[in-house]
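Fold and contact review
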Amino acid sequence: MDEFQEILEDFLVEAFEMIEQLDNDLIELENSPEDLDLLNRIFRVAHTIKGSSSFLNFDVLTHLTHHMEDVLNKARRGELSITPDVMDVVLESTDKMKGLLEHIKETGSDEGAVDVAPTVRRLEAILNGGETQEPPAAEPEPEPEPVEEEKDLSEMSEEEVEAEIERLLAQRQEEDRKRREAKRAAEAAGEKPEESEEKDLSEMSEEEVEAEIERLLAQRQEEDRKRREAKRAAQKEAQKSAPEAKEAPQSSAKPAAPAKKETKAAPKERKTTVEQTIRVDVKRLDDLMNLIGELVLGKNRLLKIYDDVEERYEGEQFLEELNQVVSSVSLVTTDLQIAVMKTRMLPIGKVFNKFPRMVRDLSRELHKEIDLVISGEETELDKSIVEEIGDPLVHIIRNSCDHGIELPQERIEKGKPAKGTVQLKAYNEGNHIIIEIVDDGKGLDADMLKMKAVEKGLISEKEADQMSEKEAFMLIFKPGFSTAAQVTNVSGRGVGMDVVRSNIEKLNGIIEIDSEVGKGTTLKLKIPLTLAIIQSLLVSVQEEFYAIPLASVLETVRITPDEIQSVEGRSVLRLRDEVLSLVHLADLFDVERVFSMGEHAYVVIIGIAETKIGLIVDSLVGQEEVVIKSLGEYLKGIEGIAGATIRGDGRVTLIVDVGALMDMAKNVKSSMQNLEDTQTAAEKSSPADYNILVVDDSKTDRAIMRKALEPLGVTITEATNGVEALNLMKEGSKTFDAALVDIEMPRMDGYTLAAEIRKFNKFKMVPLIAVTSRTSRSDRMRGVEVGMTEYITKPYTPEYLMNVVARNINLNVEQTV
Amino acid sequence: MSNQLEEVMKKQQQQQRAPQEGEIEKVVQLVGFMVGDEEFAVPILSIQEIIKPIEYTRTPKTPPYVLGVFNLRGSVLPLIDLRMKFGLSRSKENEDTRYMVIRHNEEVAGFVIDRLTQATRIKESAIDPAPETLGDEQNMIYGVGKQEEKLISILNVEALLRRDF
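Quantities reported herein were computed from a predicted structural model and do not represent experimental measurements. (Residues numbered from 1 in each chain as written. Chains lettered and ligands numbered in written order. Predicted model: local features only at pLDDT ≥ 70, side-chain atom pairs only at ≥ 80, totals over all residues.)

A word on the overall build of chain B. Across its full length, chain B holds 3 helices and 12 strands. Within chain B, counting contacts between residues at least 6 apart in sequence, those at least 24 apart form 50% of the total. (Helix = DSSP H or I, 4+ residues; strand = E, 2+ residues; numbered from the N terminus. Contact = placed C-beta atoms within 7 Å.)

Structure below.
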């Protein structure tokens, strides 16, 4: 059973790949119906699928492909000319074939999915229609196997064809040898192209052999027919040796011509197909990508540590070596990241491939003449993006064909060629891929667009007046906007360009549009190469950091609190004639307000499609490239969070989901009022209720201070450095009434500590007393700046220290002493 | 042919299973820990690792017992405070506090516990189902293990890792 499943999967993969190519080939064939190579290729697809499906017992599929094969075979032999009508039927059967394959993929069976009967009938009709010109082929063949009466090769059983091929190959090799010998005898002719090409069949690649077989088969069929005619004339003189003998001189003369053609075709084919590939499960690549992501984070961390070390050990010898290691690690990591990213890349041609067929169908449906010119199909994109980009492109191209390109009559009147052109281009630009869809149609009329939009109530007249041309073009992406004068089958069915836009934005992409009336329209999609790594703007709110995808950030502005106005209980900001609704990120995410708002706040203006809002944050940290990590099943889909990333310091930073954030913003009422410190200090009944924090790295100094304060009877807590002290205060298990702070300490010095403490609302009023041997004026100044209340210089008398502390905590000294 | 193959596979599986069934009694290895004043345990095989507290990032819009997410060698894992999950006050971090990283199938999360106690082996027969009177709606208790002097509540790892918000 498993074995069967495996074969089936292989079959499906192969079949879908072939069909993709088939569509393109068929379209090309319509343009050059005489191209035998092309026909052969198409025939082969039908043939292969027929063979495999009959082996796998897919009767319906076999039935259909069998008929397709017959028709194609006929065309291949030149007995049927490829007219658009024939193409329609062939394309229809290709579609049916796709349908069947899809059904097989889903259910494992081809029954009951697609009704192939009408298509088969049409195929038969073509087949019979063509056959009338052909002589009835009911006569016995002079074949070694007399079991069956044979019409042509396509009806031979697999084995017979195989045998026939063998025979022909042997014969061909024989001829080759003869010819070579003859040639050698005549002259050593190494410079002749046939020589190298035909040296040895066993040295040919599979494709070449295949092509050769096809050619021989065709030739053989040709001969068969001639033979049949000859036979008829000679009244059934069935002599097996006769045709053989006749064949030999004929073929020795003939192959020289096609052989030359083949030398040209062969190298081209080799380039496209002889690539060495292996199939890898996408999940494995994803795992690999995750690992690389971790490596990137590790590298970032290493860089950060290096910076720290560099500061501390400036000028040391080992720094240089460390620097070398760090930079080589970071270089290799980046290369590795790119390499793995590339393994996930697919050429965008995968998507582009289906468009020739689509445009062909559209132009027939719309009675227009449209040429689709594709370039840059080899440009590569991440697999996940390739999968997502298809639908938006379908919409855009449909739109270009339907609204852009005019009817042939109209075009001629305008002095343009009757045949319109739609160009589809892809190319790289930095970390982005650009996809351009250019048509030479009637272009967009900015004024008309504005008028329409006003009519439909999408924008006000005033807005319309102020709109630039580019902004007007963007109107077509508004929901509910359709420029089609009449609703056609192709577009104007409600699913419009707004869907395109939101799809592109989901990929963190950007759309630009450019147009000139009468000349045409250019749509430009700018899409990041991968979804796993994005550019982000890091912002901070209170003590928390968040990353906002840069693609959604329109601009940032710095404001003062009084610029924020209130309308109906909502905060708004007036920005260049525009009123922007504001929401504080802290309100959205219920961030604890420990810091009071500074003099300035920053507004990050984020936008998706037409809506935009201002997000108030405390500060902008900077722009950073972040690796997106999932939050896992347990936390999946938290409102407003798209994922997480690990920063250089190893901390996790959450990435906001801009779309969800905007929805959340609608329901959040601003609470901009400053939180007043509501804590009421507990009543102090005895000196022991007073808590004093002593921060000094020297044990002796701490002991001296403790001794000096002993007479007061207050409770003393010690900390050996700034970080420890800050944590003690933040933790809040004790409320400190004052702190004695040394300036020079490891990890965090006294100035920084004071500044940090003062950031907290509830510590605004706590007396901070600097106790230090730094006596210069500038040191004192700095102390005041960061928020020290008093400045005591060492050495000091114990009484002095005691008095200063007592004064600052309002403790009556006499009372206790 | 595939039928034959299947039969062979079946036979092999049976052979593999046989000795296990023959075992006299199954023993479960548990890791015990304190949350509040009560001792709990989880099967040792469900524990990926136990680490000392590290910095975590708060996640908004989650229940209070979800403290946030933390970085375990490049993976972002949720951190859940078991005290709060069990309706106690939030735990104060001290030197006994540990993050227990528990895995069930693909699900991984860190749980804050107050203190590790010991690893024990307990016979499966010594585990009783959780008393129905417990009112354990979320099915969080897998059973109660009896040891010489005390009872240990064995937690249902799957329920612990099930998202309930």
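To continue, consider the overall build of chain A. A tally of regular secondary structure across chain A gives 28 helices and 23 strands. The proportion of buried residues among the 817 residues of chain A is 29%. Intrachain contacts of chain A at a sequence separation of at least 6 include 68% that bridge at least 24 residues. (Buried ≥ 20, exposed ≤ 12 C-beta atoms within 10 Å, placed from the backbone.)

The next subject is helix 25 (residues 750-759) of chain A. It helps to recall that an α-helix has 3.6 residues per turn; residues three or four apart then point in one direction. All names here are of chain A. Every buried residue of helix 25 is listed here: G750, Y751, L753, A754 and I757. All buried residues of helix 25 project into a common sector of 165 degrees when viewed along the axis, lining one side. Here the buried face of helix 25 lies against strand 19 (691-695), helix 24 (722-731), strand 21 (738-741), strand 22 (768-772) and helix 26 (777-786). (Arc of directions from axis to C-beta.)

Moving on: the nonpolar core. Of all hydrophobic cores here, the largest spans 76 residues; its most connected members are A:I548, A:L585, A:L615, A:V656, B:V69, B:I102 and B:F111. A per-element tally of this core places strand 8 (residues 533-541) of chain A first, with 6 residues. Residues from two domains meet in this core; each of domain 3 (282-344) and domain 5 (533-666) of chain A gives at least three. Among the nonpolar cores identified, the runner-up in size contains 39 residues, and A:I389, A:L424, A:A426 and A:F477 belong to it. (Core = buried A, V, L, I, M, F, W, Y, C linked by C-beta atoms within 7 Å. Domains from an automatic or database assignment.)

Another point: the interface of chain B and chain A. At the interface, 21 residues of chain B touch 25 residues of chain A. Broken down by secondary-structure element, the contributors of at least two residues to the side of chain B that touches chain A are strand 5 (66-72), strand 6 (75-81) and strand 8 (107-113) of chain B. Taken together, the residues of the side of chain B that touches chain A sort by class into 9 nonpolar, 6 polar and 6 charged. (Nonpolar A, V, L, I, M, F, W, Y, C, P; charged D, E, K, R; others polar.)

Residues and elements named next belong to chain B. Sheet architecture is open: 6 strands sit in the order 3-7-8-6-5-4, paired in mixed fashion. Both edges of this open sheet fall to strand 3 (47-51) and strand 4 (56-57), since each of them pairs with a single strand only. Here 2 bridges tie strand 4 to strand 5, and the two strands are oriented antiparallel to one another. Each bridged residue has a counterpart across the sheet, and for Y56 the counterpart in strand 5 is F70. (Pairing = 2+ DSSP bridges.)

So, about the sheet that holds strand 2 (residues 38-43) of chain B. Residue and element names in this part refer to chain B. Strand order in this open sheet of 6 strands is 9-1-2-12-11-10, and the pairing throughout is mixed. Sheet topology places strand 9 (115-123) and strand 10 (127-129) at the edges, where each strand pairs with a single neighbour. Taking each pair of neighbouring strands and ignoring which way they run, the sheet shows an average axis angle of 35 degrees. Bridge count between strand 2 and strand 12 (residues 151-155): 2 bridges; the pairing is parallel. Following the sheet pairing, A41 is matched in strand 12 by I154. (Axes fitted to C-alpha atoms, helices over the stretch in contact; angles between N-to-C directions.)

A word on the environment of A:L366. All names here are of chain A. Mapped onto the elements of the fold, L366 is located in helix 14 (residues 355-366). Exposure remark for L366: the 17 C-beta atoms within 10 Å place this residue in the partly exposed category. In sequence terms L366 and D402 are 36 residues apart; their C-alpha atoms lie 7.4 Å from each other.

It is worth spelling out the packing of helix 3 (residues 59-76) of chain A against helix 4 (residues 84-107) of chain A at this point. Residues and elements named next belong to chain A. One can describe the packing of helix 3 onto helix 4 by two numbers: an axis separation of 10 Å at closest approach and a directional angle of 155 degrees. In terms of orientation, helix 3 lies roughly antiparallel with respect to helix 4. Relative to helix 4, helix 3 is oriented so that their crossing is left-handed. Within the contact between the two elements, helix 3 uses V60, L61, L64, T65, M68 and V71 and helix 4 uses V90, S93, K96, M97 and L100. (Parallel < 35°, antiparallel > 145°, perpendicular 65-115°, else oblique. Left-handed = near helix turned anticlockwise from the far one by under 90°.)

Residues and elements named next belong to chain A. Mean pLDDT over chain A stands at 75; residues scoring 70 or higher make up 78%. Summarising per-element confidence for chain A, the mean pLDDT is lowest in helix 10 (residues 256-273) (42) and highest in strand 18 (residues 652-656) (91). Within the model, pLDDT remains below 50 along residues 189-199, and this stretch shows 12 contacts once partners closer than five positions in the same chain are excluded. Counting contacts from residues 489-494, a segment whose pLDDT is below 50, to residues more than four positions away or on other chains yields 15 contacts. (pLDDT = per-residue confidence, 0-100.)

Here the focus is the packing of helix 15 (residues 383-404) of chain A against helix 20 (residues 497-506) of chain A. All names here are of chain A. Where helix 15 contacts helix 20, the axes come no closer than 9 Å and their chain directions differ by 150 degrees. Put simply, helix 15 runs roughly antiparallel to helix 20. Helix 20 is crossed by helix 15, and the crossing has left-handed handedness. Judged by residue contacts, E388, D391, P392, H395, I396 and N399 of helix 15 engage M497, V499, V500, N503 and I504 from helix 20. For the contact of helix 15 with helix 20, a count of residues per class yields 6 nonpolar, 3 polar and 2 charged.

Another aspect to go through is the environment of B:L160. Residue and element names in this part refer to chain B. Topologically, L160 is positioned in helix 3 (residues 157-160). Between the C-alpha atom of L160 and that of I102, which follows or precedes it by 58 residues, the distance is 9.0 Å. Those residues within four positions of L160 in sequence are excluded, and the remaining contacts are I102, M140 and L155.

Counted at 1.5 Å a residue, the expected span for helix 2 (residues 36-55) of chain A with its 20 residues is 28 Å, and the 28 Å between its end C-alpha atoms agrees. Looking only at helix 2 of chain A, the buried set comprises A:L39, A:I42, A:F43, A:V45, A:A46, A:I49, A:K50, A:S52 and A:S53. (Expected span 1.5 Å × (residues − 1).)

Moving on: the pairing of strand 12 (residues 570-575) of chain A. Residue and element names in this part refer to chain A. Sheet analysis places strand 11 (residues 564-567) next to strand 12, joined by 4 bridges and oriented antiparallel. Within the sheet, the bridge partner assigned to I564 lies in strand 12 and is L573. Two successive antiparallel strands, strand 11 and strand 12, enclose a turn made up of 2 residues, where E568 displays a positive phi of approximately 50 degrees. The sheet contact formed by strand 12 and strand 13 (residues 578-584) spans 4 bridges and is antiparallel. Considered in strand 13, the bridge of V572 is made with S581.

Phi at A:H367 is positive, roughly 55 degrees, even though this residue is not glycine. In this structure, A:H367 sits in the loop between helix 14 and strand 2 (370-375). What makes A:H367 exposed here is the crowd of 9 C-beta atoms within 10 Å. In this structure, B:K61 is a non-glycine residue whose phi angle is positive, near 60 degrees. Tracing the backbone through its elements, the reader meets B:K61 in the loop between strand 4 and strand 5. Overall, the presence of 17 C-beta atoms within 10 Å leaves B:K61 in the partly exposed class.

So, on to the environment of A:S536. All names here are of chain A. Along the chain, the position of S536 falls in strand 8. With 24 C-beta atoms counted inside 10 Å, the residue S536 sits in the buried group. Sequence separation of S536 and E625 is 89 residues, and the distance between their C-alpha atoms is 6.0 Å. Not counting residues within four places of it along the chain, the set of residues in contact with S536 comprises A547, I548, P549, L550, E624, V626 and I655.

Below, the discussion takes up the confidence of the model for chain B. On average, residues of chain B score 82 in pLDDT, and 85% of them reach the 70 mark or higher. Listed scores for the predicted complex are pTM 0.50 and ipTM 0.79.

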